[in-house]
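# Topology and contacts: notes
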Amino acid sequence: MRHVVESQQFDRPLLERVFALANEMREVAASGGNTLLAGRIMATLFYEPSTRTRLSFETAMMRLGGQVITTENAREFSSALKGETLEDTVRIVGSYADVLVIRHYESGAAGRAAAYSPVPVINAGDGPGQHPTQALLDLYTIQSELGHIDGIRVVMVGDLANGRTVRSLSYLLALYQDIEITFVAPPAVGMREDIKEHLQNRGVVFSEEQDLRSVLPTADVVYQTRIQKERFADRPGEYDQVRGIYVIDREAMELLPRDAIVMHPLPRVDEIRPDVDDDPRAAYFRQAANGVFVRMALLKLLLAPEA
Amino acid sequence: MRHVVESQQFDRPLLERVFALANEMREVAASGGNTLLAGRIMATLFYEPSTRTRLSFETAMMRLGGQVITTENAREFSSALKGETLEDTVRIVGSYADVLVIRHYESGAAGRAAAYSPVPVINAGDGPGQHPTQALLDLYTIQSELGHIDGIRVVMVGDLANGRTVRSLSYLLALYQDIEITFVAPPAVGMREDIKEHLQNRGVVFSEEQDLRSVLPTADVVYQTRIQKERFADRPGEYDQVRGIYVIDREAMELLPRDAIVMHPLPRVDEIRPDVDDDPRAAYFRQAANGVFVRMALLKLLLAPEA
Amino acid sequence: MRHVVESQQFDRPLLERVFALANEMREVAASGGNTLLAGRIMATLFYEPSTRTRLSFETAMMRLGGQVITTENAREFSSALKGETLEDTVRIVGSYADVLVIRHYESGAAGRAAAYSPVPVINAGDGPGQHPTQALLDLYTIQSELGHIDGIRVVMVGDLANGRTVRSLSYLLALYQDIEITFVAPPAVGMREDIKEHLQNRGVVFSEEQDLRSVLPTADVVYQTRIQKERFADRPGEYDQVRGIYVIDREAMELLPRDAIVMHPLPRVDEIRPDVDDDPRAAYFRQAANGVFVRMALLKLLLAPEA
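Quick summary incoming for the structure in this document. Bear in mind the structure is a predicted one, so any value in this text is a computation, not a measurement. (Residues numbered from 1 in each chain as written. Chains lettered and ligands numbered in written order. Predicted model: local features only at pLDDT ≥ 70, side-chain atom pairs only at ≥ 80, totals over all residues. Heavy atoms only, no water.)

## Some words on the relation of the copies chain A and chain B
To keep it simple, the criterion reads: The copies were overlaid with a least-squares fit restricted to C-alpha atoms from residues scoring a pLDDT of at least 70 in each copy. Contacts are assigned to residue pairs with any non-hydrogen atoms lying within 4.5 Å of each other.
Overlaying chain A on chain B yields an RMSD of 0.0 Å, the required transformation being a rotation through 120 degrees with an accompanying axial translation of 0.0 Å. Seen this way, the second copy is the image of the first under a three-fold rotation axis. Closest approach to the rotation axis within chain A is made by the C-alpha atom of Q67(A), at a distance of 5.0 Å. Comparing interface residues between copies, only 12% of those in chain A also sit at the interface in chain B, which points to a heterologous contact through distinct surfaces.

Next comes the structure, spelled out in structure tokens:
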């Protein structure tokens, strides 16, 4: 593995290797970090801000003893303003640092960067395109919380048409056995055909529902997402209605099996009520913490695979 | 001590412990730092910019061998824009880092953060509320420059109604013996009643004057502050007058005892003239430097109290 | 050497010392860095953004084991907004860090900073004034690529009136023997009289041409620069014409000797075509990489000259 550009580059053996490493990294972090990447430098080039993702990557690098150079608004501040191409920037910063973490507003930007970079590139989200480390940490959280992925029933809730995370997660789940997915979304923002076709081709059982409560009792994983107001710009009434229906509150938690978990890519607004946070099945903060371990695992694979 | 949220959490024994540690930290810094906090990560989450405070904290962490992840405009860049609460942000970033340093535009924000953070929180200023590390470094500077705090006469000058520093310093001075405070301010921005009542209850002698020169000859400490033009928006004439009167210049320095000191939380505009800077009694740049030692002391107390 | 403020402070022996050190630093970086500056802190205070220059300095510090505190928009965020002078800022941040790297929008700012700073100051560009580390890395690139500087023929192309880099490089080249310089520029932005006079006084042979192709066959170095559209605000027709003429493309490369090199301070827009990048004579990305080695050399000279 030379770059991390898209979820599709991961097959099941590679995923299992990443998750095993992430488990090790959890121990490394708990014991105060190590010096595996001492002397190595990560550049975080963020063409659009995403403070949490950036800090998660930087933490991962530092827990392995590495250092970080960073810009959180490359779009405004860098030579991009003067007309420099991403390809040129990547060649130059790639001659400073040992790994580039790139967040960009254009789909495909990470792939273009990888084609020109002298050092490994990790995609930290490129516009409406890919955000593979989020997809990996989502799947790792299921593995870590439930102990297995084969055979689970996943309910995905919210804006499934525009949500990058639910699309990638659906794709990766199709690599596992006996998966059942239920999509729960307002019709205006239901899961798109391309993903549904892919699931069909891979033999994944899926269905579409609009009543969240009816599907909770048989779920192993509820993956909740934020419904963005701007998607309903021309249907304000529908937004308010949708927002009220697709909420995880205490009442919803009572319908959920004892061993199920609730996930969310965060940030959340009010689609999971704060009084759910103390429920042991609320896995979303552990999920965010898992991002550091998964990113540590990827950094090891890219920069010190033999160590 | 689990968090540093407000000046009121410090009693005299704790202050003396912090100051003794700060003295040690001065030596540590002079000898090139140590590795007490190697492998530990500080997150500086600044919801409003304060470059100097941020750099002072980050220097403190690095002098102890630690590392830093940072954002200097969390308000604009973070998930706050998408509606995420401070409580959620703190739980997430607190799962990355070992200590959070938070600057916020809302009074009480640091306390709210501390209630939810899995790791220690240090308040680096929350709006019109508290800025406890500034208060500590002010008091430490007096201790360090004069060798004692009991029995001193302090003149506080400028905008005492809106100045967070003079309010906190007054509060902390009340923990010492035989303190005399003189407040020198234009009537429009005099010291507020709550602090005056507190001093009265603690038996601290204080008075209010408008003639700066008359009180300089008996001062041990002159604490000068900036008068903000915007406070006089509806009284422009008064601003210009006030600005001319409450100035520390060479002439004022001649009235000051030989062993007194002049302090200022900085930045200054012209309320202390640059030609005063070379006077050995001008302690304000040493005061700023002391901030690093006090913050090192607090980091040690929070993260490695037994070391 | 206490500060790095302007190109004129470097004489030939010092340049040769810097370049010899930069060669060593190239080895240090290739072998994973060292710990020469462990425990030392660099503050990068950028009053105007220049992400690449900042990241290059920060990489240099980290490759030597040091740490970095930074602000990339000191102008907007720092106490400058409240009226604090650069001199005050420098005294304060100079009490935190061991070396200050300053980028400023005002000519002469670095010199003013150096006069007040308790620690070494490096000028990372002060407005239309100086950018000495760029000048050093340009000259080092010639030395490194060609093996010598004496006796070379340099063609400088583009906006020579406003280009800081070509002015500084001309100045430094005058310290060497048997240099020939050809200035190729639209008349509106030709090389200014002050530099031409200086070259004359130093006995450097130079000429001015408008036909780029005619001078390529005898060049050792072509130093291309970006022509800024805004310089031709009142002559839009001239800009389009100029832009088309002064371009390095494959056809131009065919006119260039086999051992010549093409340099550019970057960012480029389209004045060097991307299909030239793979030509071994295209030295501009190596030139950018050299910036790290030159800055490592300067840091060693300033902070650990005896090590």
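Okay, back to it.
## Quick look at helix α2 (residues 51-63) of chain B
Owing to its 3.6 residues per turn, the α-helix brings residues three or four apart onto one side. Residue and element names in this part refer to chain B. The condition that has to hold: Only DSSP runs of H or I with at least four residues qualify as helices, and only runs of E with at least two residues qualify as strands; both kinds are numbered from the N terminus onward. Expected span, for any helix, means 1.5 Å times one less than how many residues it has. Only protein chains enter the accessibility calculation, which uses a 1.4 Å probe; a residue whose area is less than 20% of its type maximum is buried, one above 50% is exposed, and one in between is partly exposed.
In this model α2 runs 18 Å from its N-terminal to its C-terminal C-alpha over 13 residues, within 8% of the 18 Å that 1.5 Å per residue would give. With 13 of 13 residues buried, α2 is to be regarded as a mostly interior element. Of the residues trailing α2, G65 is marked for its positive phi of about 90 degrees.

## As for the packing of helix α6 (residues 132-146) of chain C against helix α12 (residues 284-303) of chain C
Residues and elements named next belong to chain C. Put simply, the rule is: Every axis corresponds to a line fitted to the C-alpha atoms, with the helix fit spanning only the stretch in contact, and the corresponding angles, defined between N-to-C directions, vary from 0 to 180 degrees. For this classification, under 35 degrees means roughly parallel, over 145 means roughly antiparallel, 65 to 115 means roughly perpendicular, and everything else is oblique. By definition, any crossing whose near helix is turned counterclockwise from its far helix by less than a right angle is left-handed, and any crossing with a clockwise turn is right-handed.
The interhelical angle for the contact between α6 and α12, taken along N-to-C directions, is 110 degrees, at an axis separation of 8 Å. Of the possible angle classes, the one that applies to α6 and α12 is roughly perpendicular. Pair α6 / α12 crosses with right-handed handedness. Side by side, α6 and α12 meet where T133, Q134, L136, L137, D138, Y140, T141 and E145 of the first sit next to R286, Q287, N290, G291, V294, R295 and L298 of the second.

## Some remarks on the relation of the copies chain C and chain B
Of the two same-sequence chains, chain C is brought onto chain B (RMSD 0.1 Å, axial shift 0.0 Å) by a rotation of 120 degrees. The residues that chain C uses at the interface reappear at the interface of chain B in only 12% of cases, marking distinct surfaces.

## Description of the sheet that holds strand β1 (residues 41-46) of chain A
Definition in use: Two strands form a pair only when DSSP identifies at least two bridges running between them.
Reading across the sheet, the 4 strands line up as β2-β1-β3-β4 (chain A) and stay open at both edges, with parallel pairing between neighbours. Each having just a single partner strand, β2 (67-71) and β4 (121-126) of chain A make up the two edges of the open sheet. Between one strand and the next, the sheet's axes are offset by a mean angle of 15 degrees, whatever the strand orientation. Taken together, the 4 bridges between strand β3 (residues 99-104) of chain A and β4(A) define a ladder with parallel strand orientation. Bridge pairing in β4(A) links V101(A) to I122(A). Each of β1 and β3 of chain A is contacted by helix α4 (residues 86-93) of chain A, which is oriented at about 155 degrees to β3(A), the strand it contacts most. The strands that helix α2 (residues 51-63) of chain C touches are β1 and β2 of chain A; relative to β2(A), the one it contacts most, it runs at about 170 degrees.

## Regarding the interface of chain C and chain B
As a reminder of what qualifies: Note on terms: buried area is the combined drop in 1.4 Å-probe accessible area of two parts once they are placed together, counting the loss on both. The rule for a salt bridge is simple: a side-chain nitrogen of Lys or Arg has to be within 4 Å of a carboxyl oxygen of Asp or Glu. Any pair of nitrogen or oxygen atoms within 3.5 Å is treated as a polar contact; in protein, a donor-acceptor pairing is required on top of that, and neighbouring residues in sequence qualify only through side-chain atoms on both sides.
Contacts between chain C and chain B engage 25 residues on the former and 25 residues on the latter. The junction of chain C with chain B conceals about 2100 Å² of combined surface from both sides, 56% of it contributed by carbon and sulfur atoms. For the pair chain C and chain B, the interface holds 4 salt bridges. Note that D88(C) is salt-bridged to R268(B), the shortest N-O span being 2.6 Å. At the surface where chain C touches chain B, the tally comes to 9 residue pairs in polar contact (both at pLDDT 80 or more). Contributions of two or more residues to the side of chain C that touches chain B are made by β1 (41-46), β2 (67-71) and α4 (86-93) of chain C.

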